[in-house]
Amino acid sequence: MQTQIVHESIEEYKLYNKVLEGNKSYVKKKLAQDEDYFRKLAKGQNPKYLLIGCSDSRAPPNEITETDPGEIFIHRNIANIVIPTDLNINCVIQYAIEHLKVHNIIVMGHTCCGGIKAAMKQDSVGGLLDLWLNQIKLVYEKHQELINSFAEEDDQINCLCCMNVREQVLNIWRNPIVQKSWQEGHPVMVHGWLFRVETGFIEELSLEDSIPEEMSKIFKIKFKPPKVQSPSQHEDEEGNAISPMRARRRFQRMQSRIETGIRHFTIHMQNVDEEEIEHKLVENIEQDLSV
Ligand SMILES: [Zn+2]
């Protein structure tokens, strides 16, 4: 028995060492491409996105989006959950918005998620884990009719993966830090993704329809205006004060218009230069938001 443990530990240590060897090879490759690569990286980060993903080893955000270190600010946990009282994730959200000035928050779930699968079963996976999975069970309970309408277990799991992303996007919309940023005129857009492990593709989930209007009334928070307020904050173009609820809707509408607009123009205006597309987009969106 003792010998077996020693043998197993040697094998495990070799595997561990392989990871460190991989790091040496990574540094070598990067320096071959650019000898200042790490010196530049050390100067600071300027990520444009906050991604909240699953800890699953098959869903590495940088690799599947071909982005480099420094481009995405990342938080990962089991089944990409945004728990309103989680100190960890709230610090990440606050830092991303208030200090890194990130404008895009992405919740990325993935197919074949072990956390989602475990939440659909009644077997215990351990005290703390059972507690964590409760959050997903709540989503399952809420959408069980739709989820159970699928005959295959894999389809049921993937459906809950999507529903879980939607619910976590809602949790971000309800988040006071995010709401405060909207009221202060910092446009944070929230996106929901499903990464398909079996194909490698990311699917953007359409989320606007899933936001119940009454949610905003219950969760809206009124912040006291800052003592020194710039004219653009809390006011529309005519200088009228914008309610927190209206601010959120305006940004949601803006995000939705940008998304559909970009899709429309890239499909129908392939020979038009980017500047013109942007000009048309701004024109359309401004017109739409002023209604
Ligand atoms: Zn997962």
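Our structure's up above, just so we're on the same page.
Predicted, not measured: the structure shown is a model, and the values here were computed from it.

What follows covers the coordination of the zinc ion. Six octahedral donors at a metal ideally form angles of 90 or 180 degrees, and four tetrahedral donors ideally form angles of 109.5 degrees. Taken together, the protein ligands of the zinc ion are Cys-54 (SG), His-110 (NE2) and Cys-113 (SG), with distances of 2.1 to 2.3 Å. Each donor residue of the zinc ion lies on the same chain, and together they follow the pattern C-x55-H-x2-C. Taken together, the positions of Cys-54 in strand S1 (residues 49-54) and His-110 in strand S3 (residues 104-110) put the pair 56 residues apart, joining distant regions of the chain. Each member of the pair, Cys-54 together with His-110, is buried.

Spatially, five strands are ordered S2-S1-S3-S4-S5 in an open sheet, and the strand pairing comes out mixed. Either end of the sheet is taken by a strand with one partner, and the two such strands are strand S2 (72-77) and strand S5 (202-205). When the angles between neighbouring strand axes are averaged without regard to direction, this sheet yields 25 degrees. Set on the sheet, helix H4 (residues 87-99) makes contact with S1, S2 and S3; between it and S2 the angle comes to about 170 degrees.

Bringing the pattern of salt bridges into the picture now. Tallying each qualifying case throughout the model produces eleven salt bridges. Members of the salt-bridge network, linked through shared partners, are Arg-196, Glu-198 and Glu-203.

What follows is about a negative patch on the surface. Taken together, the side chains of Asp-273, Glu-274, Glu-275, Glu-276 and Glu-278 make up a negatively charged region of the molecular surface. Take Glu-276: it is sitting in helix H12 (residues 274-290).

Moving on, we get to the side chain of Ser-181. Position of Ser-181 among the secondary structure elements: in helix H9 (residues 176-183). Looking at Ser-181, the relative accessible area reads 5%, which means it is buried. If we ignore the near neighbours within four places in the chain, the residues touching Ser-181 are Ile-97, His-186 and Val-188.

Attention now goes to the nonpolar core. Of all hydrophobic cores here, the largest spans 51 residues; its most connected members are Leu-50, Ile-116 and Leu-160. Broken down by element, this core gets its largest block of residues, eleven residues, from helix H8 (residues 153-174). Looking at which domains feed residues into this core, each of domain 2 (45-223) and domain 3 (230-291) gives three or more. The contacts of Leu-160, once residues within four sequence positions are left out, are Ile-116, Met-120, Ile-136, Val-139, Tyr-140 and Ile-147. Core analysis: the second largest hydrophobic core is formed by seven residues, Leu-51, Ile-72, Met-108 and Phe-195 among them.

All right, on to unusual backbone geometry then. With the exception of glycine, most residues fall at negative phi, and the peptide bonds are largely trans. At Asn-80, a position not held by glycine, the phi torsion is positive, near 40 degrees. Relative to the helices and strands, Asn-80 is located in the loop between S2 and H4. By relative accessible area, Asn-80 is classed as buried at 2%.

Let us look at the packing of helix H6 (residues 127-142) against H8. Each pair of packed helices gets described by two things: the angle between the helix axes and the distance between those axes. Two elements in contact, H6 and H8, have axes separated by 10 Å at closest approach and are oriented at 110 degrees. Taken together, H6 and H8 sit at an angle that is classed as roughly perpendicular. The residues of H8 that touch H6, namely those facing Ile-136, Val-139, Tyr-140 and Lys-142, are Leu-160, Met-163, Asn-164, Glu-167 and Gln-168. Each residue belonging to the contact of H6 with H8 can be placed in one class, and the counts come to five nonpolar, two polar and two charged.

Scoring rules and cut-offs
- Residues numbered from 1 in each chain as written.
- Predicted model: local features only at pLDDT ≥ 70, side-chain atom pairs only at ≥ 80, totals over all residues.
- Heavy atoms only, no water.
- Donors = N, O, S within 2.8 Å, 3.2 Å for Na, K, Ca; no water.
- Helix = DSSP H or I, 4+ residues; strand = E, 2+ residues; numbered from the N terminus.
- Buried < 20%, exposed > 50% of the residue type's maximum accessible area, 1.4 Å probe, protein only.
- Pairing = 2+ DSSP bridges.
- Axes fitted to C-alpha atoms, helices over the stretch in contact; angles between N-to-C directions.
- Contact = heavy atoms within 4.5 Å.
- Salt bridge = Lys/Arg side-chain N within 4 Å of Asp/Glu carboxyl O.
- Patch = residues over 30% accessible without salt bridge, like charges linked within 9 Å, V, L, I, M, F, W, Y side chains within 5 Å.
- Areas by Shrake-Rupley, 256 points an atom, 1.4 Å probe, with all protein chains shown as cover.
- Lys, Arg positive; Asp, Glu negative; His and termini not counted.
- Charge placed at Lys NZ, Arg CZ, Asp CG, Glu CD.
- Core = buried A, V, L, I, M, F, W, Y, C linked by side-chain atoms within 4.5 Å.
- Domains from an automatic or database assignment.
- Parallel < 35°, antiparallel > 145°, perpendicular 65-115°, else oblique.
- Nonpolar A, V, L, I, M, F, W, Y, C, P; charged D, E, K, R; others polar.

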